[in-house]
Number of protein chains: 2
Amino acid sequence: MLVFLNGQLVPEQWAMVSVFDRGFLYGDGLFETLRVLNGKPFRWEQHFQRLEDGARFLGITVPFSLEELRRFAGLLIQENRMPDALLRISLSRGVGPRGYSPKGADTPFMAMSLHAASPFDPHRPPRWRVITSSVRIAANEPLAQFKTSNKLPQIIARAEADAASAEEALLVDTNGHVVEASSSNLFWVEKEVVCSPPRGGFLPGVTRAVVMEICGILGVELREVAVTPEGLRQTDGVFLSLSSVGVAECVWLDGCELKPQSIITELSVKYWELAQKEAG
Amino acid sequence: MLVFLNGQLVPEQWAMVSVFDRGFLYGDGLFETLRVLNGKPFRWEQHFQRLEDGARFLGITVPFSLEELRRFAGLLIQENRMPDALLRISLSRGVGPRGYSPKGADTPFMAMSLHAASPFDPHRPPRWRVITSSVRIAANEPLAQFKTSNKLPQIIARAEADAASAEEALLVDTNGHVVEASSSNLFWVEKEVVCSPPRGGFLPGVTRAVVMEICGILGVELREVAVTPEGLRQTDGVFLSLSSVGVAECVWLDGCELKPQSIITELSVKYWELAQKEAG
């Protein structure tokens with residue numbers, strides 16, 4: 001397996017970073033995970049845009065242009081012969097003087113790697129058991145809007161899900177609202193309306209935006225509104241959006257069965273039709 | 001410069017970690033920074049205890065015992081001839097399967113490195129300008145009690161301090177209380193009483209505990225009580241505790257001069273006397 005490292009493709013075992021890199025010391029970096037279909041990363045522009053937005057917020061310079069990175073990603077996919085995979089892009093601030101101040105850390109570090117994608121059937125979206133995590137996220141904190149390398153709240157949430165034999169964990173903010181899941185975004189259905197928490201204070205996934213696009217195409221009404229864990233149990237169906245599979249249905253939340261909802265399969269199928277079409 | 005890496009001393013340029021290490025991917029790890037005086041790390045047991053507490057919370061196994069690590073730290077100090085320095089201990093969960101779940105990541109990665117300590121005069125503790133950061137920390141979140149490698153809130157706070165030509169930045173929680181500073185703990189004086197925020201929701205520094213010990217020795221009354229940024233400006237003096245220098249006086253907060261306070265120098269001198277005494 002070859003890995004992209006700062007402008008070169010290197011064998012996996014040479015894909016190393018200094019222990020003084022601020023990515024390792026402090027999680028001082030960002031990443032993106034994209035689905036690769038037919039050799040083409042899905043929604044490349046949107047993922048790159050989010051990476052650039054995060055880098056601007058953190059004051060890190062992205063050392064390659066959208067086109068350069070896209071070319072390297074293509075080469076990586078070709079050399080590894082992985083046209084159907086997940087692509088991870090990692091950016092860290094690099095090595096700098098000791099301490100939290102980012103001053104003087106001017107050589108960002110960038111890596112891209114490919115990972116196996118699990119096969120699945122869009123006509124049968126994954127059916128997940130979900131718990132509410134004990135971790136609390138600061139409400140409306142701008143930092144949470146970027147895909148940073150500070151993922152301990154998500155890791156603790158996932159470990160809690162593992163311990164409960166669940167597949168995902170919901171994250172609640174300090175106002176008591178469910179804002180997202182550890183590695184997916186939250187949707188639910190009320191009568192004919194598809195709902196999702198309002199932006200701000202959580203990571204707005206590219207897949208979340210695509211699901212909303214599809215709702216628009218299908219003429220399904222969308223609403224952004226706050227929700228509590230208790231409120232979710234009363235709805236007409238809950239689902240999650242994530243780049244690896246599009247959508248996953250939540251069938252169980254904290255010990256309660258959730259209502260089945262036919263629109264989830266419809267969205268799953270449409271998502272894959274769109275993804276396949278864009279992959280050419 | 002030699003660096004301790006998983007049981008060996010290696011030259012600095014070989015001190016590398018895989019880009020697939022969860023420390024680099026997600027900040028999935030912990031660290032400690034200790035002052036080394038006369039070749040001896042100050043308050044080794046307390047720092048190691050905090051590392052172990054954090055590792056237990058995150059479900060990471062510390063791969064060396066207190067005594068093993070102490071012996072390696074001694075060797076590192078001796079080989080690098082740095083008896084007066086800062087020692088950084090880094091622990092990460094290591095490499096595992098893709099995704100946030102810690103399941104299957106069972107080979108933790110550990111490093112120790114020495115860094116130059118700036119000389120200073122304990123009779124003249126540093127006089128710092130301080131700002132209140134815009135970052136909000138989730139109130140009473142247990143995760144914040146450990147010295148994890150998720151430090152972006154602190155990095156953003158320090159960048160804001162840099163931009164304001166200040167030396168430190170205070171962190172406020174979602175209840176509006178000042179809980180700590182980016183890399184130091186908060187104290188203030190009201191009449192004859194030394195105050196500090198109550199534990200829970202922030203990192204209780206080893207130096208904070210030592211300052212409290214010294215207050216006990218001096219017969220100074222201590223109180224743990226919540227405070228707002230506005231409240232801090234009305235006090236009889238503000239100071240910070242941090243391992244590199246013991247205490248630093250805050251002379252300016254968000255544009256306001258703070259009251260000078262003679263007990264700060266007294267604590268600084270006593271802190272260094274204690275540290276020198278324990279270093280033998």
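On a predicted model such as this, the values are computed, not experimentally measured, just so you know. (Residues numbered from 1 in each chain as written. Chains lettered and ligands numbered in written order. Predicted model: local features only at pLDDT ≥ 70, side-chain atom pairs only at ≥ 80, totals over all residues. Heavy atoms only, no water.)

**Re the relation of the copies chain B and chain A**
The two copies are related by a screw motion: chain B maps onto chain A through a turn of 180 degrees and a shift of 0.0 Å along the axis, at an RMSD of 0.0 Å. Expressed as an axis order, the relation between the two copies is that of a two-fold axis. A share of 100% of the interface residues of chain B reappears at the interface of chain A, consistent with the copies meeting face to face through the same patch. (Least-squares fit on C-alpha atoms with pLDDT ≥ 70 in both. Contact = heavy atoms within 4.5 Å.)

**What to know about the packing of helix 2 (residues 44-58) of chain B against helix 3 (residues 66-80) of chain B**
All names here are of chain B. The contact between helix 2 and helix 3 brings their axes to 11 Å, and the two run at 125 degrees. With respect to each other, helix 2 and helix 3 are oriented oblique. Taken as a pair, helix 2 and helix 3 cross one another with a handedness that is right-handed. On helix 3, the residues touching Trp44, Glu45 and Phe48 of helix 2 are Leu66, Leu69, Arg70 and Ala73. When grouped by side-chain class, the residues that make up the contact of helix 2 with helix 3 number 5 nonpolar, no polar and 2 charged. (Axes fitted to C-alpha atoms, helices over the stretch in contact; angles between N-to-C directions. Helix = DSSP H or I, 4+ residues; strand = E, 2+ residues; numbered from the N terminus. Parallel < 35°, antiparallel > 145°, perpendicular 65-115°, else oblique. Left-handed = near helix turned anticlockwise from the far one by under 90°. Nonpolar A, V, L, I, M, F, W, Y, C, P; charged D, E, K, R; others polar.)

**Concerning the sheet that holds strand 5 (residues 40-41) of chain A**
Residue and element names in this part refer to chain A. Overall, antiparallel pairing links the 6 strands, which are arranged 2-1-7-6-4-5 in an open sheet. The open sheet terminates on both sides in strands that have one partner only, identified here as strand 2 (8-11) and strand 5. Where strand 4 (residues 29-37) meets strand 5, 2 bridges bridge the pair, whose relative direction is antiparallel. Note that in strand 5 the partner of leucine 37 across the bridge is lysine 40. (Pairing = 2+ DSSP bridges.)

**Points about the interface of chain B and chain A**
Each partner contributes to the interface: chain B provides 59 residues, whereas chain A provides 59 residues. Among the residues of chain B in contact with chain A, B:Phe24, B:Tyr100 and B:Leu152 are the three that bury the most area, contributing 18% of the side total. The interface formed by chain B and chain A holds 0 salt bridges in total. Here chain B and chain A share 17 residue pairs in polar contact (both at pLDDT 80 or more) between them. It is helix 4 (residues 152-163) of chain B that provides the largest number of residues to the side of chain B that touches chain A, a total of 8 residues. Along the lines of polarity and charge, the residues of the side of chain B that touches chain A split into 27 nonpolar, 18 polar and 14 charged. Both strand 3 (residues 16-18) of chain A and strand 3 (residues 16-18) of chain B contribute to a ladder of 3 bridges, which runs antiparallel. Note on strand 3 of chain B: the bridge partner recorded for A:Met16 is B:Ser18. (Buried area = accessible area lost by both parts, 1.4 Å probe. Salt bridge = Lys/Arg side-chain N within 4 Å of Asp/Glu carboxyl O. Polar contact = N/O pair within 3.5 Å; in protein donor to acceptor, adjacent residues only side chain to side chain.)

**A closer look at the pairing of strand 1 (residues 2-5) of chain B**
All names here are of chain B. Looking at chain direction, strand 1 and strand 2 (residues 8-11) are connected through 4 bridges and run antiparallel. Across the sheet, phenylalanine 4 pairs through a bridge with leucine 9, a residue of strand 2. Hairpin connection from strand 1 to strand 2: 2 residues lie between these consecutive antiparallel strands, with asparagine 6 at a positive phi of about 50 degrees.

**Observations concerning the state of the cysteines**
Counting across every chain of the model gives 0 disulfides over all chains. Looking at the unpaired A:Cys195, the closest cysteine sulfur is the one in A:Cys215, lying at 10 Å. Cysteine B:Cys256 is unpaired, with the sulfur of B:Cys250 as its nearest cysteine sulfur at 13 Å. (Disulfide = S-S within 2.5 Å.)

**Focus on the confidence of the model for chain A**
Looking at chain A, pLDDT values average 97 and 100% of them are 70 or higher. Interface predicted TM-score (ipTM) for the complex: 0.97; the corresponding pTM is 0.97. (pLDDT = per-residue confidence, 0-100.)

**Topic: the packing of aromatic side chains**
All names here are of chain A. Scanning the entire structure with this criterion turns up 22 aromatic pairs over all chains. Measuring from ring centre to ring centre gives 4.7 Å for phenylalanine 4 and phenylalanine 72, while their planes differ by 45 degrees; the resulting arrangement is tilted. Residue phenylalanine 4 is found in strand 1 (residues 2-5), and its partner phenylalanine 72 is found in helix 3 (residues 66-80); the two are separated by 68 residues along the sequence. Counting every residue linked through ring pairs, the aromatic cluster contains Phe42, Phe120, Tyr271 and Trp272. (Phe/Tyr/Trp six-rings, centres within 6.5 Å; stacked < 30°, edge-to-face > 60°.)

**Digging into the environment of B:Arg88**
Relative to the assigned elements, B:Arg88 resides in strand 6 (residues 85-92). A relative accessible area of 8% places B:Arg88 in the buried class. Discounting residues that sit within four places of it in the chain, B:Arg88 has contacts with A:Leu25, A:Tyr26, B:Phe31, B:Glu32, B:Thr33, B:Ala111, B:Met112, B:Ser113 and B:His115. At 3.2 Å, the side chain of B:Arg88 forms a polar contact with the backbone oxygen of A:Leu25. (Buried < 20%, exposed > 50% of the residue type's maximum accessible area, 1.4 Å probe, protein only.)

**Comments concerning the sheet that holds strand 5 (residues 40-41) of chain B**
The strand order across the open sheet built from 6 strands is 2-1-7-6-4-5 (chain B), with neighbouring strands paired in antiparallel fashion. Of all the strands in the sheet, the pair left with one neighbour each is strand 2 and strand 5 of chain B.

**Comments concerning the pattern of salt bridges**
Residues and elements named next belong to chain A. Within this structure, the stated rule accounts for 30 salt bridges over all chains. Where glutamate 32 meets arginine 50, a salt bridge forms, and the shortest distance between an N and an O atom there is 2.8 Å. Remark: arginine 50 occurs in helix 2 (residues 44-58) and glutamate 32 occurs in strand 4; sequence separation between them is 18 residues. Here glutamate 32 and arginine 50 have matching classes, each one buried. A salt bridge links arginine 208 to glutamate 224; the shortest N-O distance between them is 2.6 Å. Of this pair, arginine 208 sits in helix 5 (residues 206-218) while glutamate 224 sits in strand 13 (residues 222-224), placing them 16 residues apart in sequence. What makes arginine 208 buried here is its relative accessible area of 3%. Each of Arg22, Asp28 and Arg93 takes part in salt bridges that share partners, so that together they form one network.

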